[in-house]
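Given next are the chains, with one letter for each unit.
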Amino acid sequence: MTQLYNDAIQYFQLNYLNLGVTILFLIIGFIVSKFIQRRVKLRLMKKSPNRITANFTSQIVGFILKSIVILTTFYLLGLSSFTNKLLAGAGLLTFVIGFALKDIGENFLAGIILAFKSPFRLDDLIEVNGIMGHVKDISIRETLIKTPDGKDVFLPNAIILKNPLFNYTLDGFLRYDFVVGIAYEDNPTDRCY
């Protein structure tokens, strides 16, 4: 244990400048990736009326940029062999994790399809699987729906994609049905004033 501690101290004394530059690169990389993610979101919101697609696309861009920053940080720390092994094992790891996290992957892919297909917009009144409410947000994994009685329902995106979706406000027309009861002894032709 003492030898490990001495080796760590010696490594930090010899490479403190490299460590400082690497930490600075990591911090600046995350700040720049967050800035680019916000700019992508704002630009897409200006060009497309669909806020859901802009939000979803900016999340994917942010994830990719942060992954690049982390892999570059490993390389700067001298862990290039680790980075190469990590990238090589990513394919196998994706296969294994794909089976383990099937539902999460299914919801992620359904979220991508919903973001680009856009069967609904924010504040649209939709019904899926007997759940009716206004769309408040969509994320990579789920869609937030506010029911008329005030409940927040988080519907997994795969459920929305697999089941029939009723969008009551897509075209701006909404029809309500109601029943008016008249007693048998009343005359429906009489006028009430």
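Our subject is the structure that appears above.
Model, not experiment: these values are computed from the prediction.

S.K.: Would you take a moment to explain the sheet that holds strand S1 (residues 125-128) for this structure?
M.R.: Two modes of strand pairing occur in sheets, parallel and antiparallel, and in both the strands are linked by backbone hydrogen bonds. Overall, antiparallel pairing links the five strands, which are arranged S4-S3-S2-S1-S5 in an open sheet. If you trace the sheet from one side to the other, it starts and ends with strand S4 (152-156) and strand S5 (165-167), each paired once. Pairwise comparison of adjacent strand axes, ignoring direction, gives a mean angle of 40° for this sheet. With four bridges joining them, strand S2 (residues 131-138) and strand S3 (residues 142-146) adopt antiparallel strand pairing. Bridge pairing in S3 links histidine 134 to lysine 146.

S.K.: What exactly am I supposed to notice about the pattern of salt bridges here?
M.R.: It is possible for side chains of opposite charge to pair when their charged atoms get near one another. Counted under the stated rule, the structure contains six salt bridges. Between arginine 121 and aspartate 124 there is a salt bridge; the shortest N-O distance is 3.6 Å. For arginine 121, a relative accessible area of 40% puts it in the partly exposed group. When the shortest N-O distance is used, the salt bridge between glutamate 142 and arginine 141 registers 3.8 Å. On the basis of relative accessibility, which here comes to 24%, the residue glutamate 142 falls in the partly exposed class.

What counts as what
Within each chain, residues carry numbers counting from 1 in the order of the written sequence. In view of the model being predicted, local features appear only for residues whose pLDDT reaches at least 70, and side-chain atom pairs are presented and counted only at 80 or more, with totals across whole chains, interfaces and linings using the full set of residues. The side-chain quantities take in all heavy atoms of the structure and omit both hydrogens and water. Here, a strand pair is defined by DSSP locating no fewer than two bridges between the strands. Helix and strand assignments come from DSSP, with helices taken as H or I runs of at least 4 residues and strands as E runs of at least 2, each series counted from the N terminus. Here, axes are lines fitted to C-alpha atoms. For helices the fit covers the stretch in contact, and angles between N-to-C directions go from 0 to 180 degrees. When a carboxyl oxygen of Asp or Glu lies within 4 Å of a side-chain nitrogen of Lys or Arg, that pair is called a salt bridge. Relative accessibility thresholds used throughout: buried, under 20% of the residue-type maximum; exposed, over 50%; partly exposed, between the two (1.4 Å probe, protein chains only).

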